[in-house]
Amino acid sequence: MSYHPLTEEQAIAYARGLENVFAANAELQSREIGDGNLNLVFHISDPASGKSIIMKQALPYAKVVGESWPLTLDRARIESEALIIEESLAPGLVPHVYKYDAELALTVMEDLSDHVIMRRGLIEGNKYPLFAGHISEFMANTLFFTSDLGMNQQQKKLRVGQFINPELCKITEDLIFDDPYTDSPNNNIHELIRADAAALTTDTELKLEVALLREKFLTQGQALLHGDLHTGSIFITTESTKVIDPEFAYYGPMGFDIGAVIANLLLNYAGQEGWIKDEAGRADYRAYLLDTVKDVWEQFEAKFGALWDQHLVDRIAHTPGYKESYMKRLLQDTIGYAGCKMVRRIVGLAHVADIEKISDGETRARAERIALAIGTSLIKLNRKAESIDEVLAIASRQV
Ligand SMILES: Nc1ncnc2c1ncn2[C@@H]1O[C@H](COP(=O)(O)OP(=O)(O)O)[C@@H](O)[C@H]1O
Ligand SMILES: CSC[C@H]1O[C@H](OP(=O)(O)O)[C@H](O)[C@@H]1O
């Protein structure tokens with residue numbers, strides 16, 4: 001079947017043709033539930049049997065902007081192949097892929113509708129005690145075993161080729177490492193914080209750090225990244241965590257993924273200005289978010305370190321001092337990328353509901369300024385950072 005975006009009816013017809021999923025006479029229901037910036041997502045269910053699947057289809061353009069922003073369909077291949085690798089390295093932490101259809105740029109995968117999108121869960125003020133353990137395991141396993149530390153180095157070079165993802169990387173390069181620091185037409189700036197946004201464009205100390213982080217994003221093929229690991233790409237319950245949507249996957253600096261998780265916890269921290277109304281409740285939730293930031297880094301560090309001790313394939317990397325140097329640089333990158341990811345969600349094209357959905361303009365502006373202050377401080381700190389506690393201290397000072 002040649003490429004065309006499916007309608008809900010066509011999605012049902014396609015699902016009927018899948019082997020061993022639905023009974024031939026099943027009365028299937030279809031709903032397009034995509035709420036992301038780029039793709040169609042169909043939820044197909046058979047109420048009689050309780051069976052359901054997700055069919056995600058790439059559009060030939062960025063949905064958030066429209067047909068004027070063409071975008072490669074190859075991102076569907078990247079996403080399905082990344083999910084399969086991630087499942088092999090971090091079982092239980094991603095949806096299972098049943099099928100990938102290259103013609104239709106379509107991935108059929110496990111339905112995770114019994115989970116909620118973490119961004120929504122955090123906005124509602126829910127706590128997820130197992131999250132740090134799960135996400136640190138996901139990141140430690142996927143990053144270590146796709147890097148030169150944990151896999152055959154010739155195979156790794158071939159895998160770098162498999163995940164060449166120029167168009168999606170260009171989105172990141174522009175939206176995260178360029179637009180927020182210039183007067184770009186892509187930017188989306190709340191009227192009340194125009195002066196704060198303008199200050200970014202003249203801050204040379206800040207822009208130097210962004211240029212260095214951007215250079216690393218452009219040139220360092222350290223590991224296979226998820227590439228867009230924000231809380232809208234994480235499904236969660238109190239018991240379970242599932243990472244979805246790795247269409248931005250490519251070989252890049254590990255800190256970009258870890259920084260994305262931390263940035264999105266801190267964006268919610270800033271956004272709490274508009275959600276939890278009583279001060280004690282808000283302080284308690286913010287303390288939970290900061291504890292989670294610390295836990296994510298510390299559990300990642302411990303798990304990655306344990307993999308290093310047990311599975312290192314690179315002999316020279318055993319040299320005393322190298323691991324410590326590597327982990328310190330990884331923390332510094334994490335902090336720098338976390339900062340960049342916060343700033344882009346305030347002044348760049350695509351915002352986050354944690355802040356964007358605050359209805360009162362003044363309250364939203366306060367949350368935006370908190371996020372900008374934390375983000376820019378993290379960017380300026382990155383190469384000097386020694387400990388994750390410095391991140392917590394910066395965040396605490398802003399509220
Ligand atoms: N495996 C899944 N199970 C249930 N719902 C899903 C699944 N994958 C995606 N969704 C739903 O579709 C939405 C958009 O999916 P996402 O992969 O983030 O798309 P995009 O790439 O367009 O951002 C998610 O927020 C979620 O509501
Ligand atoms: C023009 S794409 C903007 C933005 O959207 C992506 O997120 P998602 O696919 O999860 O909606 C990604 O973060 C891009 O930077």
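What counts as what
Residue numbers here run from 1 along each chain, matching the order of that chain's written sequence. Each chain takes a letter, starting from A, and each ligand takes a number, starting from 1, following the order in which they are written. The predicted nature of this model means local features are confined to residues of pLDDT at least 70 and side-chain atom pairs, given and counted, to a pLDDT of 80 or more, with totals for whole chains, interfaces and linings taken over all residues. Think of the side-chain values as coming from all heavy atoms in the structure, minus any hydrogens and water. Each helix corresponds to a stretch of at least 4 residues labelled H or I by DSSP, and each strand to a stretch of at least 2 residues labelled E; elements are numbered beginning at the N terminus. Throughout, the radius of gyration refers to the C-alpha atoms, and the reference size of a globule is 2.2 Å times the residue count to the power 0.38. For each residue, the accessible area found with a 1.4 Å probe, counting protein chains only, is set against the maximum for its type, and the residue is called buried under 20%, exposed over 50%, and partly exposed in between. Contacts: residue pairs with any heavy atoms within 4.5 Å of one another. Here the Shrake-Rupley method, with its probe set to 1.4 Å, supplies the accessible areas, and only the displayed protein chains count as covering residues. Asp and Glu count as negative and Lys and Arg as positive, but His and the ends of the chain are not part of the count. By convention, charge coordinates are those of NZ in Lys, CZ in Arg, CG in Asp, or CD in Glu. In this scheme, strands are said to pair when DSSP sees at least two bridges between them. Convention adopted: a line fitted to C-alpha atoms gives each axis, helices being fitted over their contacting stretch, and angles between N-to-C directions are expressed from 0 to 180 degrees. For classification, angles of less than 35 degrees are called roughly parallel, those exceeding 145 degrees roughly antiparallel, those between 65 and 115 degrees roughly perpendicular, and all remaining angles oblique. With the far helix as reference, a near helix turned anticlockwise by less than a right angle produces a left-handed crossing, and one turned clockwise produces a right-handed crossing. Residue classes follow a fixed rule: Ala, Val, Leu, Ile, Met, Phe, Trp, Tyr, Cys and Pro count as nonpolar, while Asp, Glu, Lys and Arg count as charged, and any other residue, Gly among them, counts as polar. Each residue after the first adds 1.5 Å to the expected span of a helix. To be clear, the arc concerns the directions from the helix axis to the C-beta atoms. For this analysis, a polar contact is any N or O atom pair within 3.5 Å, provided that within protein one partner can donate a hydrogen and the other can accept it, and provided that sequence-adjacent residues contribute only side-chain to side-chain pairs. Domain start and stop positions are those given by an automatic or database domain assignment. Note on definitions: buried area is the accessible-area loss of two parts on being combined, 1.4 Å probe, summed for both. Any carboxyl oxygen of Asp or Glu within 4 Å of a side-chain nitrogen of Lys or Arg constitutes a salt bridge here. UniProt positions are given in the numbering used here, feature names are shortened, and annotations may be inferred rather than shown by experiment. Here a residue is near a molecule or strand as soon as one of its heavy atoms is found within 4 Å of it.

Moving on to the overall build of the protein chain. Tallying secondary structure elements over the protein chain gives 14 helices and 12 strands in all. Rg of the C-alpha trace for the protein chain: 21 Å, near the compact-globule value of 21 Å for 399 residues, within the 12% margin. Buried positions account for 57% of the 399 residues belonging to the protein chain. Contacts in the protein chain between residues at least 24 apart in sequence constitute 73% of all its contacts with a sequence separation of at least 6. Total accessible area on the protein chain stands at roughly 16,600 Å², and carbon and sulfur atoms take up 52% of it. Where the 40 positive side-chain charges of the protein chain centre and where its 58 negative ones centre are 3 Å apart.

In this section: the sheet that holds strand 8 (residues 116–117). The strand order across the open sheet built from 3 strands is 8-10-11, with neighbouring strands paired in antiparallel fashion. Unpaired on one side and paired on the other, strand 8 and strand 11 (241–243) mark the two borders of the sheet. Those strands touched by helix 4 (residues 131–145) are strand 10 (234–236) and strand 11, and its axis lies near 35° from that of strand 11.

Bringing the packing of helix 11 (residues 322–347) against helix 13 (residues 361–381) into the picture now. Running from N to C, helix 11 and helix 13 cross one another at 150°; their axes reach a closest spacing of 7 Å. As judged from the angle between their axes, helix 11 and helix 13 are roughly antiparallel. Here the hand of the crossing between helix 11 and helix 13 comes out left-handed. Counted together, Ile 335, Gly 336, Ala 338, Gly 339, Cys 340, Met 342, Val 343, Ile 346 and Val 347 of helix 11 and Glu 368, Ala 371, Leu 372, Ile 374, Gly 375, Thr 376, Leu 378, Ile 379 and Leu 381 of helix 13 form the full contact between these two elements. Classifying every residue of the contact of helix 11 with helix 13 by side-chain character gives 13 nonpolar, 4 polar and 1 charged.

The terminal C-alpha atoms of helix 8 (residues 204–219) lie 22 Å apart, and with 16 residues this matches the ideal 22 Å at 1.5 Å per residue to within 8%. For helix 8, the full list of buried residues reads Leu 206, Glu 209, Val 210, Leu 213 and Phe 217. The buried residues of helix 8 occupy an angular sector of 100° when the element is viewed end-on, so they sit on one face. Turned more than 90 degrees away from the buried face of helix 8, the exposed residues are Thr 204 and Thr 219. Packing partners of the buried residues in helix 8 comprise helix 6 (166–177), helix 7 (194–202), strand 12 (250–252), helix 9 (255–271), helix 11 and helix 13. Two or three places before Glu 205, at the start of helix 8, stands the capping residue Asp 203, its side-chain oxygen 3.3 Å from that residue's backbone nitrogen.

Taken domain by domain, the protein chain comprises domain 1 (8–110) and domain 2 (116–397). Just the C-alpha atoms count here: the centres of domain 1 and domain 2 sit 26 Å apart. On the side of domain 2, 30 residues touch domain 1, which itself brings 26 residues to the contact. When the buried area of domain 1 at its contact with domain 2 is split by residue, Ile 78, Leu 89 and Leu 93 rank highest and sum to 27% of it. Ionic pairing is found between Glu 247 and Arg 75, a salt bridge with its closest N-O pair at 3.0 Å. At the surface where domain 1 touches domain 2, the tally comes to 9 residue pairs in polar contact (both at pLDDT 80 or more). Of all elements in the fold, only strand 5 (66–70) and helix 2 (74–89) reach the threshold of two or more residues within the side of domain 1 that touches domain 2.

With that settled, the discussion passes to the UniProt feature "binding site: substrate" (unreviewed entry) in the protein chain. Taking the numbering used here, the UniProt-annotated feature "binding site: substrate" (unreviewed entry) corresponds to Asp 228 and Arg 344. Spanning 117 residues, the annotated positions come together in the fold, the maximum distance between their C-alpha atoms being 12.7 Å. Structurally, Asp 228 can be placed in the loop between strand 9 (223–225) and strand 10. When residues no more than four places from it in sequence are discounted, the contact partners of Asp 228 are Ser 233, Asp 245, Phe 248, Asp 257, Lys 341 and Arg 345. As for its placement among the helices and strands, Arg 344 is situated in helix 11. Look at Arg 344 and you get buried, because its relative accessible area is 8%.

What follows concerns the site of ligand 1. Close to ligand 1 lie 19 residues; Asp 35, Asn 39, Lys 56, Leu 112 and Glu 247 are nearest. Here a nitrogen atom of ligand 1 sits 2.9 Å away from a polar atom, N or O, in the main chain of Glu 110. A distance of 2.8 Å separates a nitrogen atom of ligand 1 from a polar backbone atom of Leu 112. When the free accessible area of ligand 1 is taken as 550 Å², the share hidden by the protein chains comes to 93%. Looking at the shell around ligand 1, the elements that each hand over two or more residues are strand 2 (39–46), strand 3 (51–58) and strand 7 (106–110).

On to the sheet that holds strand 3, then. Pairing is antiparallel across the open sheet formed by 5 strands, whose spatial order is 1-2-3-7-6. Of all strands in the sheet, those with a lone pairing partner are strand 1 (29–32) and strand 6 (97–101), marking the two edges. Strand after strand, the sheet turns through a mean of 20° between neighbouring axes, direction not considered. Bridge analysis of strand 1 against strand 2 gives 4 bridges, and the strand direction is antiparallel. Note on strand 2: the bridge partner recorded for Arg 31 is His 43. Here helix 2 sits on the sheet in contact with strand 2, strand 3, strand 6 and strand 7, set at roughly 155° to strand 6.

Moving on to helix 14 (residues 389–397). Among all positions in helix 14, only Val 391, Leu 392, Ile 394 and Ala 395 are buried. Here the buried residues of helix 14 occupy an arc of 160° about the axis, which is enough to place them on one side.

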